[in-house]
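What follows is each chain in one-letter form.
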Amino acid sequence: MAYQPPVRDHAFILGEVLKIDRYADLPGFSDAPMDVVHQILEEAGRFTGEVLAPLNSVGDKQGCVWKPDNTVTTPPGFKEAYKALVEGGWPALGAVTAYGGQGLPAVVNLAFSEMSSSANMAFSMYPGLTHGAYSAVLNGGSDAQKALYLPKLASGEWCGTMNLTEPHCGTDLGLLRTKAVPQGDGTYRISGQKIWISGGEHDMADNIIHLVLARIEGAPAGTRGISLFIVPKFIPDADGKPGKRNSVFCAGLEEKMGIHGNATCVIQHEESIGWLVGEENRGLNLMFVMMNEARIGVGLQGVAQAEAAYQDAVAFARERLQGRSLTGPKNPDGPADPIIVHPDVRRMLMDCRAIIEGGRAFLFWTSLHGDLAHASQDEAVRQKADDYMALMTPVVKGFLTDRGFKVCSDALQVHGGSGFTEHFPASQYLRDSRITLIYEGANGVQALDLVGRKLAANGGRAVMTFFAEVDAYVQAREADAGLKPWLDALAGAKEQLQEATMWLMQNGLANPDNAGAASSDYMHLFGLTALAYMWAQMVETAQARIAEGDADPFYAGKVAVGRYYIERVLPDAAAHLAKLKTGADSLMALPAEAF
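1. Points about the nonpolar core
Then, number 1: Ranked by size, the top nonpolar core spans 151 residues in total, and within it F362, F466, Y522 and Y565 carry the most contacts.
Then, number 2: Among the elements that line this core, the one with the most residues is helix 15 (residues 512-547), at 17 residues.
Then, number 3: The residues touching F466, leaving out its near neighbours within four places in the chain, are W365, Y388, M392, L497, F526, T529, A530 and Y533.
Then, number 4: Ranked by size, the runner-up nonpolar core spans 29 residues in total, among them W158, L164, C169 and M291.

This is the structure in structure tokens:
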């Protein structure tokens with residue numbers, strides 16, 4: 001079955017649960033009333049479903065091609081689709097108006113990005129990384145750099161990348177060796193090799209703007225001595241058009257298990273010309289602007305691939321005939337019943353849907369706080385939103401990709417042996433989604449960041465604010481008998497998360513290995529609690545519509561899936577708490593040589 005963008009669910013979250021119309025007095029939101037958002041969602045669904053989705057299998061099977069002249073050709077149809085993307089104005093949706101963007105809220109742009117990633121993850125990475133480069137220049141570039149690069153990055157006329165990883169170092173960027181030599185004229189000569197550079201070379205845009213981490217000669221060792229540079233593939237001329245070819249090139253493509261339609265490049269800098277972005281030795285701070293945006297985007301990819309895989313699994317389960325229902329034939333005129341009647345198939349599909357819909361709401365809720373952090377005129381609202389963005393980003397990235405990959409695995413399992421063949425798209429979703437647990441900071445690193453940095457920031461202000469928000473939500477609805485099962489489940493999960501937080505505070509400092517050993521379980525406990533909060537809000541909204549006499553089965557479906565979440569998924573939280581509290585002793589008991 002062809003991918004069907006979940007436009008109705010996006011509209012439900014944005015309009016009915018998050019109620020973004022209430023922010024109509026804020027910049028960006030004033031241009032995005034829900035009638036306009038509905039039109040954007042509908043057109044986004046058409047474009048991603050009709051233009052991008054048909055190229056997904058093409059990109060997987062044919063991939064990108066590197067040539068000896070160091071150029072890369074994207075899969076058939078990608079170049080034309082990218083042109084249509086730019087002509088449709090999609091890359092500019094969430095970019096600021098001062099530099100040619102449409103200035104709409106990031107949460108609205110996120111809806112398009114999710115559909116795009118579901119339809120064709122490899123393709124969507126090109127504009128996704130470009131927007132990340134745009135954000136880094138917007139936050140740290142000079143006025144001249146912004147004027148030159150931002151309009152073209154915002155429109156998608158030029159693409160962008162981030163050059164971080166080197167052959168000898170991945171997550172530990174303090175070990176990087178790429179050097180930058182000042183030339184006395186405001187430029188630097190950049191030399192070094194970068195690997196795993198998504199979209200590092202291709203044939204879809206007139207120019208590619210690399211944002212490169214390098215160390216200026218004489219800079220301090222470690223992360224304190226890293227600077228950020230703009231290194232364009234073609235150096236802009238006096239008119240701002242691509243001019244002289246820079247000495248940065250693609251030395252080859254990685255052979256990957258998935259995302260074959262995205263050019264993952266080895267990028268060689270041979271005294272390429274670069275321009276410093278921001279201050280010397282402060283490059284990592286600026287790059288984290290891009291990386292944190294990318295981490296939200298990777299969490300989005302977890303949900304997006306899960307959605308596409310789930311849709312395919314449902315279509316297969318409805319059509320595949322095998323066995324008879326345990327309660328009697330449901331297809332008496334056929335040789336067997338469709339496998340969707342079997343409880344274990346239902347279990348997998350319901351697991352999938354509960355995580356996807358709850359995860360999507362959590363993703364959008366978090367993104368909305370990112371908008372409020374920039375747009376709100378209320379300092380307290382901005383502080384809370386900033387706190388939440390810092391706290392939730394590792395949870396969004398780590399939890400939603402871990403669970404998203406499991407959804408893709410369950411979707412393949414629904415297919416049985418057929419899923420293990422290339423006759424069905426299930427294997428591509430599984431292969432494509434696997435990278436999301438690794439890049440932009442592996443999920444174990446996200447968990448360590450959560451417990452080691454984000455919890456303790458500002459004396460624990462962010463997590464305490466979240467606990468207070470959940471408490472207030474539950475207390476304000478105590479009289480709602482219909483919502484009581486979800487309120488009780490949410491309150492119980494929040495108590496478990498609070499207990500885990502206190503355990504970390506008491507035991508993590510005494511033995512740092514305790515914090516490390518607990519980190520992944522804590523991240524998952526946090527994710528399950530956050531989704532419980534989302535499901536309570538979605539069920540509350542759906543029940544209110546039902547009580548008003550709305551017979552749309554969409555709302556009854558929300559209540560049913562929400563019930564499944566609290567009864568069959570949320571109980572995992574208790575297991576994570578129990579494992580977390582065992583500490584590091586058994587985990588660290590074996591000496592390294594015993595493995």
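2. A few points about the pairing of strand 3 (residues 159-163)
Then, number 1: Where burial is concerned, most of strand 3 is hidden: five out of the five residues are buried.
Then, number 2: Side chains C159, T161 and N163 of strand 3 all project onto a buried face; the interleaved residues G160 and M162 project onto the opposite face, where all are buried too.
Then, number 3: Alignment of strand 3 against strand 6 (residues 208-216), held across five bridges, turns out to be parallel. Directly across from C159, in strand 6, lies its bridge partner I208.

3. A short note on the layout of surface pockets
Then, number 1: Roughly 610 Å³ of internal volume is contained in the second largest pocket.
Then, number 2: For the second largest pocket, the lining is made up of 22 residues, of which Y310, V314, R318, R353 and E357 are closest to its centre.
Then, number 3: Going through the elements one at a time, helix 1 (7-17), helix 8 (283-319), helix 9 (343-375) and helix 16 (553-569) are the ones with two or more residues in the lining of the second largest pocket.
Then, number 4: Here the element with the most residues in the lining of the second largest pocket is helix 9; it accounts for seven residues.
Then, number 5: For the lining of the second largest pocket, the class distribution of residues is eleven nonpolar, two polar and nine charged.

4. Section: the pairing of strand 11 (residues 264-277)
Then, number 1: Counting buried positions over the 14 residues of strand 11 gives eleven, a clear majority of the element.
Then, number 2: With ten bridges joining them, strand 5 (residues 187-198) and strand 11 adopt antiparallel strand pairing. Residue pairing in the sheet places Y188 in a bridge with G274 of strand 11.
Then, number 3: As paired strands, strand 7 (residues 227-232) and strand 11 are joined by three bridges and run antiparallel to one another. Following the sheet pairing, F229 is matched in strand 11 by L276.
Then, number 4: Bridge count for strand 10 (residues 248-253) against strand 11 is five bridges, and the pairing is antiparallel. Opposite C250, over in strand 11, you have I267 as the bridge partner.

Each value, and the rule that gives it
Residues numbered from 1 in each chain as written. Predicted model: local features only at pLDDT ≥ 70, side-chain atom pairs only at ≥ 80, totals over all residues. Heavy atoms only, no water. Core = buried A, V, L, I, M, F, W, Y, C linked by side-chain atoms within 4.5 Å. Buried < 20%, exposed > 50% of the residue type's maximum accessible area, 1.4 Å probe, protein only. Helix = DSSP H or I, 4+ residues; strand = E, 2+ residues; numbered from the N terminus. Contact = heavy atoms within 4.5 Å. Pairing = 2+ DSSP bridges. 1 Å grid on protein atoms, 1.4 Å probe; cavity = no way out; pocket = protein on both sides within 12 Å on 5 of 7 lines; lining within 4 Å. Points joined across faces, edges and corners; volume = space filled by probe spheres on them. Nonpolar A, V, L, I, M, F, W, Y, C, P; charged D, E, K, R; others polar.

Note that every value here comes from positions in space, so none of it alone points to a role or purpose.
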